[in-house]
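Coordinate inspection notes
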Amino acid sequence: MLDVINNEEKKIDDIENATILYIDMFGFTDVHREHTMDSKDYVNIMQRLFARFDTICEKNKVYKVYTLADCYVIMGYTGKINKN
């Protein structure tokens, strides 16, 4: 596979038996947008919630891919990773 911008070959991992989970807090962004919640309170709630998610991920040996606003994405797999 070629990278059009850099004209280089991409490095892609082949992961077997993987599961991706996207967690989005339904309606949570709307609450913040409507200014019914102070920004500091919003960040504090998300920080505490995601810290709990992090602990659960570590306990269950799954990988947190990223967080973005009120979205939390994790990946779990039972197979091996083939580096290409």
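Up top is the structure.
Residues numbered from 1 in each chain as written. Predicted model: local features only at pLDDT ≥ 70, side-chain atom pairs only at ≥ 80, totals over all residues. Heavy atoms only, no water.

Remarks on the sheet that holds strand β5 (residues 63-68)
- Overall, antiparallel pairing links the 3 strands, which are arranged β4-β6-β5 in an open sheet. Only two strands of the sheet have a single neighbouring strand rather than two, namely β4 (18-24) and β5. Going across the sheet, the axis of each strand differs from the next one's by a mean of 15 degrees, ignoring polarity.
- Along the sheet, helix α2 (residues 39-60) makes contact with β4, β5 and β6 (71-77), crossing β6 at roughly 0 degrees. (Pairing = 2+ DSSP bridges. Helix = DSSP H or I, 4+ residues; strand = E, 2+ residues; numbered from the N terminus. Axes fitted to C-alpha atoms, helices over the stretch in contact; angles between N-to-C directions. Contact = heavy atoms within 4.5 Å.)

Considering the environment of Ile-74
- With respect to the helices and strands, Ile-74 occurs in strand β6.
- Residues Ile-74 and Leu-21, 53 residues apart in the sequence, show an inter-C-alpha distance of 5.3 Å.

Quick word on the nonpolar core
- Grouped together as the largest cluster of nonpolar side chains are 10 residues: Met-25, Phe-28, Met-37, Tyr-42, Met-46, Phe-50, Phe-53, Cys-57, Tyr-72 and Ile-74.
- Elements supplying a minimum of two residues to this core: α2 and β6.
- Examining the composition of this core, we find that 5 residues originate from one element, α2, more than from any other. (Core = buried A, V, L, I, M, F, W, Y, C linked by side-chain atoms within 4.5 Å. Buried < 20%, exposed > 50% of the residue type's maximum accessible area, 1.4 Å probe, protein only.)

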